[in-house]
Amino acid sequence: MSGKLNSMRVLERQQIPYTVHEYDPTLPDAVAVAEAIGMPAAHVFKTLVAKSDRPLLAMVPAHCQLDLKRLAVLAGVKRVEMAPHVEAERLTGLRVGGIGALALIAKRWPSYLDESALVQPKIYVNAGQRGVMIGIAPSDLVRVVGATVGAIAACVSPSS
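Residues numbered from 1 in each chain as written. Predicted model: local features only at pLDDT ≥ 70, side-chain atom pairs only at ≥ 80, totals over all residues. Heavy atoms only, no water.

Here's the deal with the sheet that holds strand β8 (residues 132-136)
- Strand order in this open sheet of 3 strands is β1-β8-β7, and the pairing throughout is antiparallel. Both edges of this open sheet fall to β1 (19-22) and β7 (123-126), since each of them pairs with a single strand only. Going across the sheet, the axis of each strand differs from the next one's by a mean of 35°, ignoring polarity.
- Pairing analysis gives 4 bridges linking β7 to β8, with the strands arranged antiparallel. Of the residues in β8, the one forming a bridge with Tyr124 is Gly135.
- In the packing of helix α1 (residues 6-13) onto the sheet, the strands contacted are β1 and β8, and the crossing angle to β8 comes to about 20°. (Pairing = 2+ DSSP bridges. Helix = DSSP H or I, 4+ residues; strand = E, 2+ residues; numbered from the N terminus. Axes fitted to C-alpha atoms, helices over the stretch in contact; angles between N-to-C directions. Contact = heavy atoms within 4.5 Å.)

What follows is the structure in structure tokens.
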């Protein structure tokens, strides 16, 4: 990584403490990223792009899937679907695997965070570039991105 990313500048402007964790950007998924940065999968949150009448960002633990029905209820819409990778990249301007809510604040998209984040002292989210994660207190993330918190994850294995 060369220099600071916009997500880091946003946090610094608001005087929010964070840590930076770099990893091999070719890793296949968020579970592999969690392992690479030495954190349990339950602490590493992937950011997914979903859509209803507009794009939505949903953050769920690395080892979980997004429950689209729960997200729709939380968002107050009838139906939500995942944005295909190509569309997610076009909408965000970021590569899949490097999409992060902190990097997309200017878009003012509704953001949703799985409630399991709140039991962790720190969670790890993408900084807006493949290969870079930011460690941040969940309450700070919620405040900065204006996230709505709810049960939106469907976990297939016990949290680590």
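Remarks on the UniProt feature "domain: YbaK/aminoacyl-tRNA synthetase-associated" (unreviewed entry) in the chain
- UniProt records the feature "domain: YbaK/aminoacyl-tRNA synthetase-associated" (unreviewed entry) for residues 25-143 in the present numbering.
- With 24% helix and 27% strand, the stretch residues 25-143 has end C-alpha atoms that lie 28 Å from each other. (UniProt positions renumbered as here; feature names shortened; annotations may be inferred.)

Considerations on the sheet that holds strand β5 (residues 81-82)
- Here we have 5 strands laid out as an open sheet, ordered β5-β2-β3-β6-β9, and mixed in their pairing. Unpaired on one side and paired on the other, β5 and β9 (148-150) mark the two borders of the sheet.
- As paired strands, strand β2 (residues 45-51) and strand β3 (residues 55-61) are joined by 7 bridges and run antiparallel to one another. Note on β3: the bridge partner recorded for Val49 is Leu57.
- Of the strands in this sheet, β3, β6 (111-114) and β9 are in contact with helix α5 (residues 138-145), which crosses β6 at around 165°.

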